[in-house]
Amino acid sequence: MLLSRHQVLARRERDPERLERSAYLLLSRIDTQGPMSIGQLAEAFGLDTSTVNRQTAALLRCGLAERVADPDGGMARKLRITVEGGRRLAGDREVNQSCLARVVAHWSPEEVRELEDVLVRLNRSAEALEGRYWPRAEEDHARPACQPPMPQEPAPPAPTAP
């Protein structure tokens, strides 16, 4: 909650061009995954389609997203991030990263790596509980995006002394 509050304060410090939280999340997903239908976005976030419809309507009104034909030939029109949406998303990401950098400015590189590792683990555990996986651009040991990590076999018990 404190980290979230820190981000909200940073939003106020910057300018009114900062994206609303819902716009940031939707644009981030579209930016990562490519054009998506309202149904796909609703499923990805576990939201009702009427909620996503209202949120995407705001993106369209602001010129942050546009409707396009399904690149895969499907019937549903999809939403694609616009150049303006990409510019605003990149600006918000930059501010968010600089805010986080201020939070960990006095941490050692090892502590920052440890935080990154634990946050990745936390996010993936939350995704596994929900059954909704966020696509990632980086390679994850050749595991396709949106797929859960393979369960690991438990280590055999250590031998006990008689």
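The numbering scheme is per chain: residues are counted from 1 as the chain's sequence reads. Where totals are concerned, whole chains, interfaces and linings use all residues; where local detail is concerned, this predicted model gives features only for residues with pLDDT of at least 70, and gives and counts side-chain atom pairs only at 80 or more. Excluding hydrogens and water, the side-chain values take into account all heavy atoms of the structure.

*Asks:* Any details on the overall build of the protein chain? Residues and values, ideally.
*Replies:* Across its full length, the protein chain holds 6 helices and 2 strands. Of the regular secondary structure in the protein chain, the N- to C-terminal order runs α-α-α-α-β-β-α-α. Each residue gets one of three labels from its accessible area relative to the maximum for its type: buried under 20%, exposed over 50%, partly exposed in between, using a 1.4 Å probe on protein chains only. In the protein chain, which comprises 162 residues, the share counted as buried stands at 27%. Of the contacts formed within the protein chain by residues at least 6 apart in sequence, a portion of 50% connects residues at least 24 apart. Here the protein chain has roughly 11600 Å² of accessible surface; of this, 56% comes from carbon and sulfur atoms. Helix and strand assignments follow DSSP, with helices taken as H or I runs no shorter than four residues and strands as E runs no shorter than two, numbered in order from the N terminus. In this analysis, two residues are considered to be in contact whenever any of their non-hydrogen atoms come within 4.5 Å of each other. To be clear on the numbers: accessible area is Shrake-Rupley with a 1.4 Å probe, and residue cover counts the displayed protein chains and nothing else.

*Asks:* Lay out the pattern of salt bridges in plain terms, naming residues and giving numbers.
*Replies:* Salt bridges, as used here, are contacts in which a Lys or Arg side-chain nitrogen is within 4 Å of a carboxyl oxygen on Asp or Glu. In this structure the tally under the stated criterion is 6 salt bridges. The partner of Arg18 in a salt bridge is Asp92, and the shortest N-O contact between them spans 2.9 Å. Here Arg18 is found in the loop between helix 1 (2–14) and helix 2 (21–33), whereas its partner Asp92 is found in helix 5 (residues 83–103), with 74 residues between them in sequence. When sorted by exposure, Arg18 lands in the same class as Asp92, which is buried. Asp31 serves as the salt-bridge partner of Arg93, at 3.0 Å between the closest nitrogen and oxygen.

*Asks:* So what's going on with the nonpolar core? Residues and values would help.
*Replies:* Grouped together as the largest cluster of nonpolar side chains are 18 residues, with contacts concentrated most on Leu19, Leu27, Leu41, Leu59, Leu79 and Leu89. The element contributing the most residues to this core is helix 2, with 5 residues. To define a nonpolar core, start from buried Ala, Val, Leu, Ile, Met, Phe, Trp, Tyr and Cys residues and group those joined through side-chain atoms within 4.5 Å.

*Asks:* Give a description of a negative patch on the surface that names residues and reports values.
*Replies:* Exposure above 30% relative accessible area and the lack of any salt bridge qualify a residue for a patch; like charges then connect within 9 Å, and the nonpolar side chains Val, Leu, Ile, Met, Phe, Trp and Tyr within 5 Å. His is not counted, nor are the chain ends; Lys and Arg add positive charge and Asp and Glu add negative charge. The location of each charge is read from NZ of Lys, CZ of Arg, CG of Asp or CD of Glu. On the surface, Glu111, Glu114, Glu116 and Asp117 cluster together into a patch of negative charge. With respect to the element layout, Asp117 can be found in helix 6 (residues 109–130).

*Asks:* Residue-level account of the side chain of Thr82, with values.
*Replies:* Inspection of the secondary structure assignment puts Thr82 in the loop between strand 2 (78–81) and helix 5. By relative accessible area, which is 15% here, Thr82 ends up buried. Any pair of nitrogen or oxygen atoms within 3.5 Å is treated as a polar contact; in protein, a donor-acceptor pairing is required on top of that, and neighbouring residues in sequence qualify only through side-chain atoms on both sides. For Thr82, the side chain forms a polar contact with the main-chain nitrogen of Gly85, separated by 2.9 Å.

*Asks:* Go over the environment of Gly63, please, and point to the residues and values.
*Replies:* Within the element layout of this structure, Gly63 appears in the loop between helix 4 (49–61) and strand 1 (65–68). Remark: the alpha-carbon pair of Gly63 and Glu84, spanning 21 residues in sequence, is separated by 6.9 Å. Discounting residues that sit within four places of it in the chain, Gly63 has contacts with Thr82, Glu84 and Gly85.

*Asks:* Provide a residue-level description of the environment of Thr56, including the pertinent values.
*Replies:* Inspection of the secondary structure puts Thr56 in helix 4. For Thr56, a relative accessible area of 0% corresponds to the buried category. Between the C-alpha atom of Thr56 and that of Arg67, which follows or precedes it by 11 residues, the distance is 9.9 Å. Apart from the residues within four sequence positions on either side, Thr56 is in contact with Leu26, Ile38, Leu41 and Leu79. From its side chain, Thr56 meets the backbone oxygen of Asn53 in a polar contact 3.1 Å long.

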